[in-house]
Amino acid sequence: MLLEMVHISRICFRKYGNFLDNLRLYVRGGSGGMGLPRLGGQGGNGGDVWVVAGKSLTLKRVSDKHPRKRFAAGTGSNSSVRALKGEKGQDVEIRAPVGITITTDDGKKLGDLNIDGDRVLVAKGGSGGSFYSRFEPSKGQVRHIRLDLKLIADVGLVGFPNAGKSSLLTAMSSATPQIASYAFTTLKPELGKLMYRDHKQISVADLPGLIEGAHLNKGMGHKFLKHVERTKQLLFVVDVCGFQLATKTPFRSAFEAIQLLTKELELYKEELLSKPALLVVNKMDLPDAEDKLAELKEQLEKPHEFSSLLPEDMIPKDQLTFRHVIPVSAATGFGIDHLKTRIRESLDEDAETANRAIHAEKLRALEHYSRW
């Protein structure tokens, strides 16, 4: 039954050639309308500026549609003999994609757009003139805001350059990401979507390769790490034979790579390590791969006994426990079907746990109200 469910009938893949992951906008709330002193009339409030989440949108589309990147709400109507209460100025809605964090230029968080229809107020209109302001209106808020996209995907591929993440996506799908023998082949995020026979969809984000020091914003640094934040689960990908980024950098074994990846996530944001994680040990077609896999499994079972292989400042405070360790060869296809099965099982397990928690919460609420 499960094997039938995990059979993938079709896999979609989208490469973001002109990918935009952040956008800076000027927003201005409308000024309030003048009050009418002799009759005590109140001017209308200025319009507000909102950012609203919508489906099938990208920051690139927002940027192309609004090249000036300036949004100003309408001015409130003045109070008059015919209308003592002035009308509010027209609001402005900026349509943006789901998965956006909105901040001011100085880093203050204004809100998140997590689901379709979410709204965040980014510039409030000024108050209309009234008795309390000597009938003088106030101006609306003026600020620059930043829309920061953190890819929302079920699974995020995490690995150092040349671990074989792009090759893995190719093996799992009909995708053709850029693949080469040099380290940095994935320079922009790529999203793949797995479609199952029961219409279940699993999205996979192939993210730019991490390097040591990413938490300090080296390499793709923070651009990579912020995308990891909004994936439900992590799929670590390591080369079973280890890797060396450049001739002047030290060689890292598969175990050391896992420790360093864990440390980079920990230093950027420790909460990332609470995400469920699976480990893919790639390139099992290479000579001595089976022996190296056995060695890696032994090291993962007793990580503290082998942590001395790394400098003290590179050892993570807590060791990750992987739900599954899956050996594969993206080159030959070995283990790929098993990997797809494990990804589906892991996500389904979390969904079931979340549903149980929601159900339990509803029962508690019913019990609470029944006492009254």
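Residues numbered from 1 in each chain as written. Predicted model: local features only at pLDDT ≥ 70, side-chain atom pairs only at ≥ 80, totals over all residues. Heavy atoms only, no water.

As annotated in an unreviewed UniProt entry, the chain is GTP-binding protein 10 from Takifugu flavidus. Under the UniProt heading Subcellular location (unreviewed entry), the note attached to the chain is "Nucleus, Nucleolus". (UniProt positions renumbered as here; feature names shortened; annotations may be inferred.)

Caption draft 1: Spotlight on the overall build of the chain. When helices and strands are counted, the chain shows eight helices and 15 strands. Looking at the chain as a whole, 47% of its 372 residues are labelled buried. In the chain, the proportion of contacts linking residues at least 24 apart, taken out of those at least 6 apart, comes to 73%. Taken as a whole, the chain presents about 19,600 Å² of accessible surface, with 52% of it coming from carbon and sulfur. (Helix = DSSP H or I, 4+ residues; strand = E, 2+ residues; numbered from the N terminus. Buried < 20%, exposed > 50% of the residue type's maximum accessible area, 1.4 Å probe, protein only. Contact = heavy atoms within 4.5 Å. Areas by Shrake-Rupley, 256 points an atom, 1.4 Å probe, with all protein chains shown as cover.)

Caption draft 2: Expanded view of the packing of aromatic side chains. Counting across every chain of the model gives four aromatic pairs. Ring centres of F131 and Y132 lie 5.6 Å apart, and the angle between their planes is 85 degrees; this geometry places the pair in the edge-to-face category. Each member of the pair, F131 together with Y132, is exposed. When the centroid spacing of 6.3 Å and the interplanar angle of 70 degrees are considered together, the rings of F255 and F306 count as edge-to-face. In this pair, F255 sits in helix α5 (residues 254-268) while F306 sits in helix α7 (residues 303-306), placing the two residues 51 residues apart along the sequence. By relative accessible area, F255 is classed as buried at 1%. Just above the ring of Y26 sits the side chain of R70; from NZ or CZ to the centre is 4.0 Å. The residue whose ring lies beneath R119 is W50, and the NZ or CZ to ring-centre distance is 4.4 Å. (Phe/Tyr/Trp six-rings, centres within 6.5 Å; stacked < 30°, edge-to-face > 60°. Lys NZ or Arg CZ within 6 Å of the ring centre and 35° of its normal.)

Caption draft 3: Inspection of the nonpolar core at higher detail. Counting 27 residues, the largest nonpolar core has L234, F236, V238, L265, L279, V281 and F322 as its most contacted members. For this core, the secondary-structure elements that each account for two or more residues are β13 (231-239), α5, β14 (277-282) and α6 (289-301). When residues of this core are assigned to their parent elements, the largest contribution, seven residues, is made by α5. Excluding residues within four positions of it along the chain, F322 makes contact with F236, I258, A277, L278, L279 and L300. (Core = buried A, V, L, I, M, F, W, Y, C linked by side-chain atoms within 4.5 Å.)

Caption draft 4: The arrangement of helix α3 (residues 165-172) in detail. For α3, the complete set of buried residues consists of K165, S166, L168, L169 and M172. Down the axis of α3, the buried side of the element spans an arc of 160 degrees, and every buried residue falls inside it. (Arc of directions from axis to C-beta.)

Caption draft 5: Representation of the confidence of the model for the chain in the model. When pLDDT is averaged along the chain, the result is 83; 84% of the residues meet or exceed 70. Low confidence marks residues 1-17, where pLDDT is under 50. Its contacts with residues over four positions away, or in another chain, come to 47 contacts. Long-range and interchain partners of residues 174-187, a stretch whose pLDDT sits below 50, account for 35 contacts in this model, where long-range means more than four residues apart. (pLDDT = per-residue confidence, 0-100.)

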